[in-house]
Structure formats: structure tokens, C-alpha cells
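Each chain, letter by letter, is given below.
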Amino acid sequence: MTMESALEAPGGKYAGSPTGFRRLTPGLLKVDRAAESFTGLPDGVTMHGQLLAAFKAAAPRLGLSPRLVHAVDWLFRFTMAQDWGRGGRPIVWPSASVQQEALGLSESRVKMLNRAMIEAGLITMKDSPNGKRYGKRDARGNIVEAYGFDLSPIAARHAEFLRLAAEAKAERIEMGRLRRRATIARNGITQILETAAEYSFAGEEWPTLRRETRDLSQALRKVERPEEMTLGVESLERRQRSARERLELLLSKVESEAQESVIPSPLGPENRPHQYTYKSGLNPEQDTVIALKESSRAGGEAVALQSTPTGRGAPETGRVLKLAPDELVKLAPKLKSYLRNPDPAWPDVVEAAAFLRSDLGVSKSLWGEACLAMGRERAAIAIAIVSTKDPAHFRTTAGGYFHGMVTKAKAGHLNLDRTLWGMRKANEPRQAAKAGRGPDGGGRSAARPRSWT
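Engineer: I tried to follow helix 8 (residues 205-220) on my own but got confused; where do I start?
Structural biologist: Along an α-helix, residues three or four apart share an orientation, since each turn contains 3.6 residues. For helix 8, built from 16 residues, the straight-helix expectation of 22 Å at 1.5 Å per residue is met to within 8% by its first-to-last C-alpha distance of 22 Å. Residues of helix 8 that are buried include every one of Trp206, Leu209, Thr213, Leu216, Ser217 and Leu220, and no others. What you see down the axis of helix 8 is that its buried residues fit within an arc of 100 degrees, all on one side.

In C-alpha cells form, the structure reads like this:
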């Protein structure tokens with residue numbers, strides 16, 4: 001078809017079958033204008049490899065696919081340094097079959113990729129009269145004639161690429177900073193949730209916090225823009241602050257409860273952690289040992305524990321806080337169901353208390369801290385005291401109440417003697433009733449039970 005036959009005479013409109021000429025799209029016209037302004041490498045650029053590096057750094061900011069970036073990189077391999085000099089033109093002419101084989105694409109996919117590079121303003125096409133790609137170089141390697149891919153638009157956009165690359169780098173730095181903030185907030189919330197579980201704080205707020213934190217963290221992994229990331233991080237941090245305020249309020253109640261329930265000791269050193277004076281013939285409950293180790297690893301208060309091989313007799317008849325094991329069982333009946341021996345010694349009581357603490361909601365690690373801070377017998381006495389309290393007595397939980405006692409013990413302010421004295425006084429009428437006489441109906445004085453000595 002001739003040019004004349006391809007046009008209608010009256011209006012000059014296109015008629016007949018297509019000629020095969022490349023369509024002049026707005027993208028192609030724009031990139032052609034950029035190519036026409038090429039006069040060599042931009043200022044500050046000494047080699048064409050710098051142009052490619054700037055383009056690759058800006059590609060993510062431009063939203064270009066890795067396949068398109070690879071295609072531009074591949075075309076650059078056919079250029080020579082002199083093609084980018086003043087008076088030159090970086091045109092390359094690999095055949096369609098070579099391009100298909102090198103990129104691993106079909107003919108239609110390669111055509112789509114070439115159109116995408118044009119529309120992205122990266123290349124333009126210099127077509128030959130017959131539509132074929134070819135070129136010639138002289139003996140010095142300079143291009144004499146060439147038809148194919150014109151890469152000069154990349155040189156024209158070098159300043160733009162540098163700016164976009166700098167923005168992309170700043171964005172990566174900001175995203176890294178935001179992700180670190182998200183990690184800190186998430187870890188802080190996890191610490192709060194673990195503490196709440198340690199104290200057995202009830203309420204739907206804690207499961208809700210855990211669920212919302214998990215969902216937010218998963219969503220943030222997919223965020224790529226700092227603006228969206230900032231919103232998510234600030235949401236996590238708000239939850240952390242709110243949860244921390246709630247936890248501090250509950251812990252202050254636990255501390256206040258401990259201060260009201262335990263009278264400071266006037267004896268001072270008597271209630272500090274003591275040393276063991278017996279060597280048990282039994283194998284104490286395993287979780288007591290584990291808890292001691294866990295507490296030590298967690299930075300618990302270090303206490304020197306000594307074991308004196310005094311035999312079985314000493315623990316059976318020995319007293320702790322002027323208290324015999326059998327009397328403690330009478331004062332705290334819940335211990336009895338955990339005893340293996342009907343005539344318990346202190347090792348039996350400690351073992352029973354290690355089981356009882358689980359029912360009271362006291363964790364292994366807190367039990368270990370108590371054993372280190374008070375000594376195992378006193379820790380068992382403290383657990384026994386907690387077991388006698390009505391659930392309504394606690395402002396938070398039995399575990400929180402026990403934690404307050406441990407805190408007092410570490411400070412040297414825990415006085416169990418006064419609490420035991422009160423328990424004896426409360427138990428005395430019941431014992432007298434069982435014996436068939438009133439509290440002042442003769443016999444031993446109610447004011448000084450024999451077990452006090």
C-alpha cells in the first residue's frame with residue numbers, strides 16, 4: 001500500500017488496512033522530546049554506568065517492576081562509552097529473537113515490555129525504513145547508522161532519578177525507625193500482658209489487648225508507606241500507654257493491700273531470709289526447684305542457702321516462727337489435702353505448699369522468689385496464710401496478695417508473727433468448742449496457747 005492510497009482524499013483520514021507503523025501515543029511523543037534534548041552525559045556524570053545506577057535506585061520510587069528494570073539493564077550492556085559522549089547517541093539494536101531469548105519471554109510479552117518502557121519514559125524507538133533493527137559502527141567503535149532502542153531519555157532524567165533515589169533512601173530510613181518503634185511498643189505490650197498474667201489480673205481488657213496487638217502487628221508487616229506506618233505505630237503506642245496506666249493502678253492496689261494486711265516487724269533481722277538447718281530425706285516437688293532456678297535467672301534476689309545434715313529428727317520437732325508443722329496445718333486446713341505424711345515435718349509442709357500455690361494462682365517464678373526472699377518454710381507459711389483468706393478479702397487476686405507479701409519480705413518489712421498470732425486467737429474458740437468447753441471454761445489459758453513457746 002502506498003502512502004497516497006493509505007489516506008482518503010477529502011478529509012485526509014486514515015483508511016484501508018494498517019500499515020504497521022508504530023502508534024504515536026502521548027507517552028511516545030513525550031519521551032521523543034526528551035531524547036531530542038540529549039547532548040551527552042549530564043554534568044557531574046563521568047560514565048554511563050552512573051546513569052544506570054541512578055535509575056535503579058529510583059525504580060522502586062517510580063513503581064517500576066523488577067522485570068522492566070532488568071530489561072533496561074540488559075539494553076545498557078549493548079552501549080559503549082562513546083555512545084554517551086557529545087555528538088553521540090546511545091542507540092542499541094538487539095533483534096527481537098535475541099531479546100526474547102535473553103529475557104525468557106514470548107514475542108507478545110516482549111512487545112508489551114517494550115511498550116511499557118516507552119510509556120514509562122525510559123526509552124524511545126528510532127525506526128528504520130523497513131521496520132528492522134540494525135546498526136553499524138566504524139573502526140573506532142562510533143555509531144555510523146543505528147535503528148532500534150534509544151536510551152538517551154535516561155540521561156535526560158538523571159537529575160530526577162537522583163532526587164527520587166534520595167527520597168527513597170529517606171523513606172527507607174524512616175520506615176526502619178517506625179518499625180523499631182513498633183517493635184518496642186509490641187514488646188512493651190507483651191511485657192504488660194505477662195505481668196498481668198503473673199498477678200492473675202482478670203478482665204476482658206487483657207485478651208482484647210492481646211488480640212488487637214496481634215492484628216495490628218500483622219497489618220503493619222504489609223505497610224510500605226511511612227504515612228500508613230505512622231498511624232499504625234501510634235495506635236500501638238497508645239495501647240501500650242493505656243495498658244501500662246491500668247497495670248500501674250492494679251499494682252498500686254496490690255501494694256496497698258499488702259501494706260494494710262501485713263504489720264511491719266519491730267524485730268528487724270528476725271524476718272530476713274534465713275538459712276536452712278535441715279537436710280530433707282524427701283524429694284521436694286520439682287516445680288519448687290525449677291521456680292528457684294527461674295527466679296535466679298530472672299535476676300531474683302540472691303540468698304545463700306545452706307543445708308546442715310541434722311537428720312530427720314530436727315525438722316520433725318523444729319519450729320519456725322515458734323510454729324510447729326502440725327499447728328500450721330490446723331491453722332490452714334487446705335494444706336492437709338496436699339500432705340503425704342499424716343505427721344508432717346517442714347519438708348512435707350513445703351512440698352504441700354508448692355502444690356497449694358498453683359491452686360491459689362501463684363506462679364512458679366513468684367513461688368521461687370518467695371523461697372529466696374523468705375526461706376522455704378516461711379514461704380510455705382505465707383502460702384498457708386493466703387489460703388485461709390476469703391476471696392472477697394483480696395482487692396485483686398490471691399496471687400497479687402502473695403506478691404505483696406514477697407515484696408515486703410525483700411524489703412525486710414514482712415512480719416508473719418502478728419498474722420499467726422491473730423490466726424491462733426481466731427482458731428482458739430473453735431478448738432475449745434471441740435473439747436466441749438468455752439474459751440474460759442478451765443484448763444489452759446486462752447491467752448497463751450501451748451504452741452506459742
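Engineer: Looking at this structure, I do not really get the nonpolar core. What am I missing?
Structural biologist: As a rule of thumb, nonpolar side chains are buried together in soluble globular proteins. Formed by 43 residues in total, the largest nonpolar core has its most connected members in Leu335, Trp367, Met374, Ile381, Phe402 and Met405. Among the secondary structure elements, those contributing two or more residues to this core are helix 12 (325-331), helix 13 (346-359), helix 14 (364-374), helix 15 (376-387), helix 16 (398-410) and helix 17 (416-434). Considering every element that reaches this core, the biggest residue donor is helix 15, with eight residues. Those residues in contact with Leu335 that lie beyond four places of it in its chain are Leu328, Val349, Ala352, Ala353, Leu356 and Ala384. The next biggest cluster of nonpolar side chains, apart from the first, holds 35 residues, and it includes Phe55, Val92, Phe149 and Leu151.

Engineer: Explain the pattern of salt bridges to me, please; I cannot follow it from the model alone.
Structural biologist: This structure, assessed with the given rule, holds 18 salt bridges. Here Arg246 ties to Glu205 by a salt bridge, and the two come within 3.3 Å at their closest N and O atoms. With Arg246 in helix 9 (residues 226-261) and Glu205 in helix 8, the pair connects residues that are 41 residues apart, well separated along the chain. For Arg246, a relative accessible area of 30% gives the class partly exposed. On the accessibility criterion, Glu205 (34% relative accessible area) is partly exposed. Linking Arg239 and Glu212 is a salt bridge whose minimum nitrogen-to-oxygen distance equals 2.9 Å. Remark: Glu212 occurs in helix 8 and Arg239 occurs in helix 9; sequence separation between them is 27 residues. On the basis of relative accessible area, Glu212 is assigned to the partly exposed category, the value being 31%. A single network of salt bridges, built from pairs that share partners, joins Arg61, Arg163, Glu167, Glu171 and Arg225.

Engineer: What is the right way to look at the environment of Ala411 in this model?
Structural biologist: Mapping Ala411 onto the fold places it in the loop between helix 16 and helix 17. A sequence separation of 38 residues divides Ala411 from Ala373, and the C-alpha atoms of the two residues are 9.1 Å apart.

Engineer: Can you help me understand the packing of helix 14 against helix 15 in this one?
Structural biologist: Following both chains from N to C, one finds helix 14 and helix 15 inclined at 125 degrees, their axes separated by 7 Å at the closest point. Here helix 14 is positioned oblique relative to helix 15, judged by the angle of their axes. Between helix 14 and helix 15 lies a crossing of right-handed hand. Of the residues in helix 15, those touching helix 14 at Trp367, Ala370, Cys371 and Met374 are Arg376, Arg378, Ala379, Ala380, Ala382 and Ile383. Looking at the contact of helix 14 with helix 15 residue by residue, the class counts come to eight nonpolar, no polar and two charged.

Engineer: Which parts of the structure should I look at to understand unusual backbone geometry?
Structural biologist: With glycine set apart, most residues show a phi of negative sign, and most peptide bonds adopt trans. Residue Ser200 is not a glycine yet carries a positive backbone phi of 60 degrees. Within the secondary structure, Ser200 sits in the loop between helix 7 (158-198) and helix 8. On the basis of relative accessible area, Ser200 is assigned to the partly exposed category, the value being 27%. One non-glycine residue, Leu321, lies in the positive phi region at around 55 degrees.

Engineer: What am I meant to see in the environment of Ile189 here?
Structural biologist: With respect to the helices and strands, the residue Ile189 is situated in helix 7. Assessed through its relative accessible area of 0%, Ile189 is described here as buried. Through-space distance from the C-alpha of Ile189 to that of Thr213 is 7.8 Å; in sequence the pair is 24 residues apart.

Engineer: It is not clear to me how helix 14 should be interpreted in this structure. Could you clarify?
Structural biologist: Burial of helix 14 is extensive: eight of the eleven residues sit out of reach of the surface. Leu366, Trp367, Gly368, Ala370, Cys371, Leu372, Ala373 and Met374 are the residues of helix 14 that are buried. A positive phi of about 100 degrees marks Gly375, the residue just after helix 14.

Engineer: Mind showing me how you'd approach the packing of aromatic side chains here?
Structural biologist: For any pair of aromatic rings, the description consists of the separation of the ring centres together with the inter-plane angle of the planes. Following the criterion strictly, the structure yields seven aromatic pairs and no others. Ring centres 6.3 Å apart and planes at 75 degrees place the aromatic pair Phe38 and Trp84 in the edge-to-face group. Placement of Phe38 in the loop between helix 1 (26-36) and helix 2 (48-62) and of Trp84 in the loop between helix 3 (66-76) and strand 1 (91-92) is noted, with a sequence separation of 46 residues between them. Residues Phe38 and Trp84 agree in their burial class; the two are buried. Plain terms: the ring middles of Trp74 and Phe78 are 4.9 Å apart, the flat faces sit at 80 degrees to each other, and that makes the pair edge-to-face. For Trp74, a relative accessible area of 7% translates into the label buried.

Cut-off values and rules
- Residues numbered from 1 in each chain as written.
- Predicted model: local features only at pLDDT ≥ 70, side-chain atom pairs only at ≥ 80, totals over all residues.
- Heavy atoms only, no water.
- Helix = DSSP H or I, 4+ residues; strand = E, 2+ residues; numbered from the N terminus.
- Expected span 1.5 Å × (residues − 1).
- Buried < 20%, exposed > 50% of the residue type's maximum accessible area, 1.4 Å probe, protein only.
- Arc of directions from axis to C-beta.
- Core = buried A, V, L, I, M, F, W, Y, C linked by side-chain atoms within 4.5 Å.
- Contact = heavy atoms within 4.5 Å.
- Salt bridge = Lys/Arg side-chain N within 4 Å of Asp/Glu carboxyl O.
- Axes fitted to C-alpha atoms, helices over the stretch in contact; angles between N-to-C directions.
- Parallel < 35°, antiparallel > 145°, perpendicular 65-115°, else oblique.
- Left-handed = near helix turned anticlockwise from the far one by under 90°.
- Nonpolar A, V, L, I, M, F, W, Y, C, P; charged D, E, K, R; others polar.
- Phe/Tyr/Trp six-rings, centres within 6.5 Å; stacked < 30°, edge-to-face > 60°.

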